[in-house]
Amino acid sequence: MRELTYVAKRTVEWREAPDPKVRSGGEAIVAPVAATPCDVDSSILAGHATRRQPHMQHGIEPPFALGHECVARVVETGDAVTSVAPGDLVVVPWSINCGVCGRCRAGLTAHCEAVPYMAMYGAPIGGSWGGLFSDLVRVPYADAMLVPLPTGLDPVAMASASDNWSLAWRLVAPHLQARPGARVLVVARGSIGLYVCDIARALGASEVLYVDPAAEHRELAREFGAITAEFLEPAPVGYDIAVEATGRVDQLALTVKSLAPEGICESAGNHFRPGELPLLDMYLTGVTLRIARDNVRAHIPDALALAASGKVTPEKVVSHVIDWEDLPTALPEKHLKPVFVRADD
């Protein structure tokens, strides 16, 4: 089989690898049919991943298999797998998790105790698990990880359910349930923020302000019912819920200053660079700030259920549909949310 392999900044290529095999009764082999890059992939392609980060002694050195968002077709299962069968379309979550350890049972699937720290597809952190831009992928805990795609949902529209779509649901949906009609601020640079706009509107936010310098992104946000701004300065005020997905600490600082007293800010940006936050202002206002990798498996079903309800249109965020064979040339190009599709035999 082939793996799409990151080899250098803005450079990926197909490389041959042995076909993965089922090693135990609980495993499965899947074949991606619709896969898409997320912000982490964009950071890797830009060369950020090879730089040393505070949590790692060294950067992530190429070559390695790339990709961690896809809908796939189940090809083979072990004897103990009960939740999926060959032929099923499934969402493959980005992180590796066993489903039975204490953290997994608590919903903390990105912190599974059965695998090395930060085990994931698409980067050799916590072991080498391959990438979802591959012809075949081994899933070590099929019943715990794989989520059947509801009938009627388009794999292209849901290619991001492995991470960004389901993450966007978690960033705003539980907060709107607790604060019906809340005002929502979204400060973003791409797909996560646009998904949040769509979800927030569908779940009854009284106002959604979307801030992004890209005119085409703002135009799409307006289709989701948001008002838009090119820049956050001067910072607006009085928002109950804020989502920051820029990876820029200065934007995060402005975002938390825009909150109403006891407001909530969710940061989904990959913050590779240090910076300062207005801690005194945050203290005086009493804001809650969460910065975290997503425990995505726990809420993929809820995110898919919302997509299946017809209240949202995630397909609008898909900017390009591109043939699987064009991955090496097209992936390094800068698109909002391209989805790469392969013939589903």
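Structural data are supplied above this passage.
Residues numbered from 1 in each chain as written. Predicted model: local features only at pLDDT ≥ 70, side-chain atom pairs only at ≥ 80, totals over all residues. Heavy atoms only, no water.

With antiparallel pairing, the three strands of this open sheet are ordered in space as β2-β1-β4. Edge positions in the sheet fall to β2 (11–16) and β4 (64–65), since each has one partner strand and no second. Here six bridges tie strand β1 (residues 2–8) to β2, and the two strands are oriented antiparallel to one another. Directly across from Glu-3, in β2, lies its bridge partner Arg-15. (Pairing = 2+ DSSP bridges. Helix = DSSP H or I, 4+ residues; strand = E, 2+ residues; numbered from the N terminus.)

Bringing helix α7 (residues 249–257) into the picture now. A large share of α7 lies buried, amounting to seven of its nine residues. Here α7 has its buried residues at Val-249, Gln-251, Leu-252, Ala-253, Leu-254, Thr-255 and Val-256. The inward-facing, buried residues of α7 contact β9 (183–188), β12 (239–245), β13 (259–267), α8 (279–285) and β14 (288–291). (Buried < 20%, exposed > 50% of the residue type's maximum accessible area, 1.4 Å probe, protein only. Contact = heavy atoms within 4.5 Å.)

Another aspect to go through is the packing of aromatic side chains. Taken as a whole and judged by the stated rule, the model has four aromatic pairs. With centroids separated by 6.3 Å and ring planes inclined at 35°, the aromatic side chains of Trp-14 and Trp-324 adopt a geometry described as tilted. One end of the pair, Trp-14, is in strand β2; the other, Trp-324, is in the loop between β15 (320–323) and α10 (327–330), and 310 residues separate them in sequence. Residues Phe-133 and Phe-340 carry aromatic rings whose centres are separated by 6.1 Å and whose planes lie at 85° to one another, so their mutual orientation is edge-to-face. Of this pair, Phe-133 sits in the loop between α2 (102–105) and β7 (137–139) while Phe-340 sits in strand β16 (residues 338–341), and the two are 207 residues apart along the sequence. Residue Phe-133 shares its accessibility class with Phe-340, and that shared class is buried. Taking the ring centre of Trp-14 as reference, the NZ or CZ of Arg-2 above it sits at 4.1 Å. Above the plane of the ring of Trp-324 lies Arg-342, whose end atom (NZ or CZ) is 5.0 Å from the centre. (Phe/Tyr/Trp six-rings, centres within 6.5 Å; stacked < 30°, edge-to-face > 60°. Lys NZ or Arg CZ within 6 Å of the ring centre and 35° of its normal.)

Let's shift gears to a nonpolar patch on the surface. A contiguous nonpolar patch, built from Leu-280, Tyr-283 and Leu-284 and spanning about 410 Å² of accessible area, is present on the exposed surface. The residue Leu-280 is located in helix α8 in this model. A residue is classified by how much of its surface remains accessible, and Leu-280, at 58% relative accessible area, is exposed. (Patch = residues over 30% accessible without salt bridge, like charges linked within 9 Å, V, L, I, M, F, W, Y side chains within 5 Å. Areas by Shrake-Rupley, 256 points an atom, 1.4 Å probe, with all protein chains shown as cover. Salt bridge = Lys/Arg side-chain N within 4 Å of Asp/Glu carboxyl O.)

Mapping Ala-226 onto the fold places it in the loop between α6 (215–223) and β11 (227–229). Overall, the relative accessible area of 7% leaves Ala-226 in the buried class. Remark: the alpha-carbon pair of Ala-226 and Lys-311, spanning 85 residues in sequence, is separated by 15 Å. Each residue touching Ala-226, except ones within four places of it in the same chain, is listed here: Cys-197, Val-208, Tyr-210 and Ala-221.

Here the focus is the sheet that holds β13. Taken in spatial order, the six strands make up an open sheet running β11-β10-β9-β12-β13-β14, and their pairing is parallel. For this open sheet the edge positions go to β11 and β14, each flanked by a neighbour on one side alone. Geometrically, the sheet is characterised by an average inter-axis angle of 15° between neighbouring strands, direction not taken into account. Here helix α4 (residues 164–178) sits on the sheet in contact with β9, β12, β13 and β14, set at roughly 150° to β13. (Axes fitted to C-alpha atoms, helices over the stretch in contact; angles between N-to-C directions.)

What follows deals with the pattern of salt bridges. Under the counting rule described, the total for this entry stands at 13 salt bridges. Asp-294 serves as the salt-bridge partner of Arg-170, at 3.1 Å between the closest nitrogen and oxygen. Residue Arg-170 is found in helix α4, and its partner Asp-294 is found in the loop between β14 and α9 (300–308); the two are separated by 124 residues along the sequence. Close ionic contact of Glu-207 with Arg-183 constitutes a salt bridge, the shortest N to O distance being 3.2 Å. Remark: Arg-183 occurs in strand β9 and Glu-207 occurs in strand β10 (residues 207–211); sequence separation between them is 24 residues. It is possible to trace a salt-bridge network through shared partners that takes in Arg-2, Asp-135, Glu-325 and Arg-342.

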